[in-house]
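# Structure assessment
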Amino acid sequence: MELGDASQPFDTVIACVDARSADWVGDIPWAALLGPAGAVAFITHARTANTCDSVIRDCLAPVAQSAHLIRLDQITLHAVPAQPHATVSFFIRPLPAVGSPNREWP
């Protein structure tokens, strides 16, 4: 199934993003894929914590911002098999009444 073939948008999407090949994230139409108040969790894994942070800052955050998603939280995972560092970044598609798509929650 192609992403454009989905008859209804998703409430939640969980995407695993390898730091060595994160470019595909920008090719996904996140705003169309998620329903109102839909959420996406990007699980980023890499050999170092700095690499995870770099992927989030340089790749995931700009893609989410261009899709008008609001960043909710970021969690560092421990004891992930085969990957010494992993981070989950949560973004949500705001309802129209929420306001600015550039707003970040405290």
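Presented here is an overview of the structure given in this document. (Residues numbered from 1 in each chain as written. Predicted model: local features only at pLDDT ≥ 70, side-chain atom pairs only at ≥ 80, totals over all residues. Heavy atoms only, no water.)

## Some words on the packing of aromatic side chains
Overall, the coordinates contain 2 aromatic pairs when judged by the stated rule. Consider the rings of F42 and F91, whose centres lie 5.8 Å apart with planes at 70 degrees: the pair is edge-to-face. Taken together, the positions of F42 in strand β2 (residues 34–46) and F91 in strand β4 (residues 85–92) put the pair 49 residues apart, joining distant regions of the chain. Each member of the pair, F42 together with F91, is buried. The structure contains a cluster of three or more aromatic residues connected by ring pairs, namely W30, F42 and F91. (Phe/Tyr/Trp six-rings, centres within 6.5 Å; stacked < 30°, edge-to-face > 60°. Helix = DSSP H or I, 4+ residues; strand = E, 2+ residues; numbered from the N terminus. Buried < 20%, exposed > 50% of the residue type's maximum accessible area, 1.4 Å probe, protein only.)

## A few points about the sheet that holds β4
With mixed pairing, 4 strands are arranged side by side in an open sheet as β1-β2-β4-β3. A strand with exactly one partner marks an edge of an open sheet, and here the two such strands are β1 (10–18) and β3 (70–77). Across the sheet, the mean angle separating the axes of adjacent strands is 15 degrees when strand polarity is ignored. In this sheet, β2 lies alongside β1 in parallel orientation, the contact comprising 8 bridges. Looking at the pairing, T12 lines up with A39 of β2. (Pairing = 2+ DSSP bridges. Axes fitted to C-alpha atoms, helices over the stretch in contact; angles between N-to-C directions.)

## Things to note about unusual backbone geometry
Even without glycine at this site, A37 takes up a positive phi of about 60 degrees. Tracing the chain through its elements places A37 in strand β2. Positive phi, close to 65 degrees, is recorded for H68, a residue that is not glycine. Topologically, H68 is positioned in the loop between α2 (49–66) and β3.

## Re the side chain of T87
When you line up the elements, T87 lands in strand β4. If we skip the residues at most four places from it in the chain, T87 touches F42, I43, T44, C52, I56, Q74, I75 and T76. (Contact = heavy atoms within 4.5 Å.)

## Things to note about the nonpolar core
As a rule of thumb, nonpolar side chains are buried together in soluble globular proteins. Ranked by internal contacts, the top residues of the largest apolar core, which has 20 residues, are V17, V25, W30, V40, F42, L60 and L69. Of all the elements in the fold, those that place two or more residues in this core are β1, α1 (30–33), β2 and α2. Those residues within four positions of V17 in sequence are excluded, and the remaining contacts are A22, W24, V25, F42, I43, T44, H45, V55 and L60. (Core = buried A, V, L, I, M, F, W, Y, C linked by side-chain atoms within 4.5 Å.)

## So, the environment of W30
Relative to the helices and strands, W30 is located in helix α1. Relative accessible area serves as the criterion here: at 4%, W30 is assigned to the buried category. The spatial distance from the C-alpha of W30 to the C-alpha of A67 is 6.0 Å, given a sequence separation of 37 residues. Those residues in contact with W30 that lie beyond four places of it in its chain are V13, A15, W24, V25, V40, F42, V63, A67 and L69.

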